[in-house]
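# Coordinate analysis (summary)
What follows is each chain in one-letter form.
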Amino acid sequence: MFIALLSALLAFSEDPFRPVFHFSPTANWMNDPNGTVYYKGEYHLFYQHNPFGNSWGHMSWGHAVSRDLTHWEHLPVALAEENGVMIFSGSVVVDHNNTSGFCTGGSCLVAIYTGHTAAKQQQSLAYSNDRGRTWTKYSGNPVIDLEMKDFRDPKVFWHEGLRCWIMVVALPKEHKVRFYTSPDLKAWKPLSDFGPAGAMEGLWECPDLFPLRVEGSNEKRWVLVVSINPGGPAGGSGVQYFVGDFDETGFKNANPSATALWADYGKDFYAATSFSDIPVKDGRRIWIGWFSNWQYARNEPTEVWRTIQSVPRELGLKNTPAGLRLIQRAVRELTARRQKGMELKGVTLEEANRRLASFHAVTYEVEIEMEGEGGLLTRKGSIEETRVGADGAGRVFIDRSRSGAVGFHGAFPGRHEVSGSSRLHVLVDRSSIELFAGDGESVISDRIFPAAGSDGLQLFGAPGAQVRRLKIWKLN
Ligand code: FRU
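Residues numbered from 1 in each chain as written. Predicted model: local features only at pLDDT ≥ 70, side-chain atom pairs only at ≥ 80, totals over all residues. Heavy atoms only, no water.

### Section: the sheet that holds strand β29 (residues 423–429)
What counts is decided by this rule: Any two strands with at least two DSSP bridges between them are considered paired. To qualify as a helix, a DSSP run of H or I must reach at least 4 residues; to qualify as a strand, a run of E must reach at least 2; elements of each kind are numbered from the N terminus. With axes taken as lines fitted to C-alpha atoms, and helix axes fitted only over the stretch in contact, angles between N-to-C directions fall between 0 and 180 degrees. Residues are treated as being in contact if the distance between any of their heavy atoms lies within 4.5 Å.
Across the sheet, six strands lie side by side as β23-β33-β24-β29-β30-β31; this open sheet has antiparallel pairing. With one partner strand each, in any of the chains shown, β23 (338–348) and β31 (442–447) form the two edges of the open sheet. In this sheet, neighbouring strand axes are inclined to one another by 10° on average, regardless of whether the strands run parallel or antiparallel. Direction of pairing for β29 relative to strand β30 (residues 432–437): antiparallel, over a ladder of six bridges. Looking across to β30, one finds that Asp429 is bridged to Ser432. Each of β23, β24 (364–370) and β33 (466–475) is contacted by helix α2 (residues 349–356), which is oriented at about 155° to β23, the strand it contacts most.

Below, the structure is given as structure tokens:
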């Protein structure tokens, strides 16, 4: 037992790409996060999982729980493929008042997922009365069947004002989402459709819908999230959102129908889904997204396990000159992983680089603001580095063209950019970079696959450039 544990730990620590503060499956394939919910002190993360191999197939729900959103405990597969029906993406709610009749105690967890066969996709239920440890598929499944091949990824929540459950579910090929209502999670009535609108190149998948308070006011707006693949802002998979209102008739877009807003301008953020049932006194809306892209996920250079999830992010809405925009910040719980930091203020680029010469790490967090063009050469080795910075003309970027292993797929190497503030917050893990600019209104998430020894950090910029502020913490 001890030997097995030790060798598992060794395997973890020797794997150059195994993340330290991002979630990855112990083994085999993973895609979308599913069923994110808070219940009785635990955050649950379910995920699209192939228990039998490192590529997509036999889709089931893997499962992990966390008390702080940064340390995850792996649990057995929660919902497994059965009789040729795969378990596609979906959500989990807390049925506080046993509206479903599934709860043996006061409340229980109910999963609403898509049952997938080659012939069709239907919405189905499963429930758990032991804090998500074991699940029973509902004998009355499916609860919605439109005899359609593409009809998936239900996200459900309790609407306090309307006193009913709301489901938002994708009609991927029609570039629509459909809203349903239900008193008991079993009987569903269609409410209305939204779409086509925004970006429509690829399939619409994995919708989400939630209210957010506009920062600095008491105004509340609704955000409708729709992942799209392909057609994302950096090519391949991407997450778009709409801002507006939601009432008993459905969703009303506050922007012109053609407006496409993007949550993330990197290549690796997809199928983002928010945690339901976070206590009101906490008040946060937190989501997590798949840190990969359908273009090359299957080719990523890991063998035992494949793909990771983004760091959980707190969401907000901010009034910007361009209109209301989603903002994202790494969950505050992550700061508990900071080790002793280092801070520089008002120094030149050259002086900062002298101080950074002895810095070696592969998992850390940086806050940096420079005057003009400049930023980080992160995960720097003798022949590789990832550039993360501001171009001095109002854009921020990650350039992973020479970040390490990039040749496994033609769509992988490249530079991803968006307009944004030069005040940067950067998270570096063993195989990923997340860049949050300004208050988090511009975000870029990119995987990287550098050699384990590429642990240097330098700044780049014009000679003599001023580093207004630099803060670094290694993360354990
Ligand atoms: C999105 C997606 C979902 C589907 C799942 C299957 O990445 O295609 O629409 O439910 O993955 O694994």
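### Some details on empty space enclosed by the protein
The criterion, for reference: A pocket here means an open set of points on a 1 Å grid, computed over the protein atoms alone, that has protein on both sides within 12 Å along at least five of seven lines. A cavity is instead a set of points where a 1.4 Å probe fits but cannot get out; residues with an atom within 4 Å of a point line either one. Grid points are joined across faces, edges and corners, and a volume is the space filled by probe spheres set on the points. Under this grouping Gly is polar, as are all residues other than the nonpolar Ala, Val, Leu, Ile, Met, Phe, Trp, Tyr, Cys and Pro and the charged Asp, Glu, Lys and Arg.
Counted by the stated rule, this structure contains two cavities of 30 Å³ or more. Taken as a whole, the largest cavity holds about 90 Å³ of empty space. Contributing to the lining of the largest cavity are 13 residues, with Gly90, Asp153, Cys206, Pro207 and Thr273 lying nearest its centre. When residues of the lining of the largest cavity are traced back to their parent elements, those giving at least two are β1 (28–39), β5 (86–95), β9 (152–159), β13 (203–213) and β18 (270–274). Considered class by class, the residues forming the lining of the largest cavity number six nonpolar, four polar and three charged. Estimated volume of the second largest cavity: approximately 50 Å³.

### A word on the state of the cysteines
Here is the rule: Counting rule for disulfides: a pair of cysteine sulfur atoms within 2.5 Å. Three exposure classes are used, based on accessible area relative to the maximum for each residue type with a 1.4 Å probe and protein chains only: buried under 20%, partly exposed in between, and exposed over 50%.
On inspection of all chains with the given rule, the structure shows one disulfide. Across a sulfur-sulfur distance of 2.1 Å, Cys103 and Cys108 are joined as a disulfide pair. Across the S-S bond of Cys103 and Cys108 the torsion is about -60°, and the bridge reads as left-handed. Judged on exposure class, the residue Cys103 and its partner Cys108 are both buried. Left without a disulfide partner, Cys164 is nearest to the cysteine sulfur of Cys103, which lies 18 Å away. Relative accessible area serves as the criterion here: at 12%, Cys164 is assigned to the buried category.

### Focus on the domain arrangement of the protein chain
Put simply, the rule reads: Each domain's extent was defined by an automatic or database domain assignment. Note on terms: buried area is the combined drop in 1.4 Å-probe accessible area of two parts once they are placed together, counting the loss on both. Throughout this description, the term salt bridge denotes a Lys or Arg side-chain nitrogen within 4 Å of a carboxyl oxygen of Asp or Glu. Residues adjacent in sequence count toward polar contacts only when both atoms are side-chain atoms; beyond that, a polar contact is any pair of N or O atoms within 3.5 Å, and within protein one must be able to donate a hydrogen and the other to accept it.
We note that the domain assignment places domain 1 (30–330) and domain 2 (338–475) within the protein chain. When each unit is reduced to the centre of its C-alpha atoms, the spacing between domain 1 and domain 2 is 31 Å. Facing 27 residues of domain 1, the contacting portion of domain 2 comprises 24 residues. In this assembly, domain 1 packs against domain 2 so that about 2,100 Å² is buried in total across both faces, 60% of it on carbon and sulfur atoms. At the junction of domain 1 and domain 2, the tally comes to five salt bridges. Between Glu300 and Arg447 there is a salt bridge, and its shortest N-O distance comes to 3.1 Å. The interface formed by domain 1 and domain 2 includes 16 residue pairs in polar contact (both at pLDDT 80 or more). Mapped onto the side of domain 1 that touches domain 2, the elements with two or more residues apiece are β21 (313–320) and β22 (323–330). Take the side of domain 1 that touches domain 2: its biggest share by element is five residues, from β22. Across the side of domain 1 that touches domain 2, the residue classes tally to 13 nonpolar, seven polar and seven charged.

### Some thoughts on the sheet that holds strand β3 (residues 60–66)
Sheet architecture is open: five strands sit in the order β4-β3-β2-β1-β20, paired in mixed fashion. Edge positions in the open sheet fall to β4 (73–79) and β20 (305–306), since each of these has one partner strand only.

### A few points about the packing of aromatic side chains
Stated precisely, the cut-off is as follows: Two rings from Phe, Tyr or Trp (for Trp, the six-membered ring) form a pair when their centres are within 6.5 Å of each other. A pair whose planes differ by under 30 degrees is stacked, one over 60 is edge-to-face, and the rest are tilted.
The tally for this structure, following the rule as stated, stands at 30 aromatic pairs. Ring geometry for Phe46 against Trp61: centres 5.4 Å apart, planes inclined by 45°, an arrangement best described as tilted. Highlighted residues: Phe46 in strand β2 (residues 42–50) and Trp61 in strand β3, separated in sequence by 15 residues. The pair Phe46 / Trp61 is uniform in exposure class, with both members buried.

### A look at the site of the ligand
Short version of the rule: We call a residue near a molecule or strand when any one of its heavy atoms sits within 4 Å of it. For the area figures, the Shrake-Rupley method with a 1.4 Å probe applies, and any residue is considered shielded solely by the protein chains shown.
Taken together, the neighbourhood of the ligand is formed by 13 residues, with Asp32, Gln48, Arg152, Asp153 and Trp294 sitting nearest. Measuring from an oxygen atom of the ligand, one finds a side-chain N or O atom of Trp56 at 2.9 Å. Relative to its free-state accessible area of 320 Å², the ligand is covered by the protein chains to the extent of 95%. Broken down by secondary-structure element, the contributors of at least two residues to the shell around the ligand are β1, β5, β9 and β13. Per-class residue counts for the shell around the ligand are six nonpolar, three polar and four charged.

### Brief notes about the pairing of strand β14 (residues 220–229)
Burial analysis of β14 places nine of its ten residues in the buried class, the great majority of the element. As paired strands, β13 and β14 are joined by nine bridges and run antiparallel to one another. What sits directly across from Leu212, in β14, is Arg221. Count of turn residues in the β13/β14 antiparallel hairpin: six residues, of which Gly216 carries a positive phi of about 80°. Looking at chain direction, β14 and strand β15 (residues 238–247) are connected through seven bridges and run antiparallel. Looking at β15, one finds that Trp222 is bridged to Gly244.

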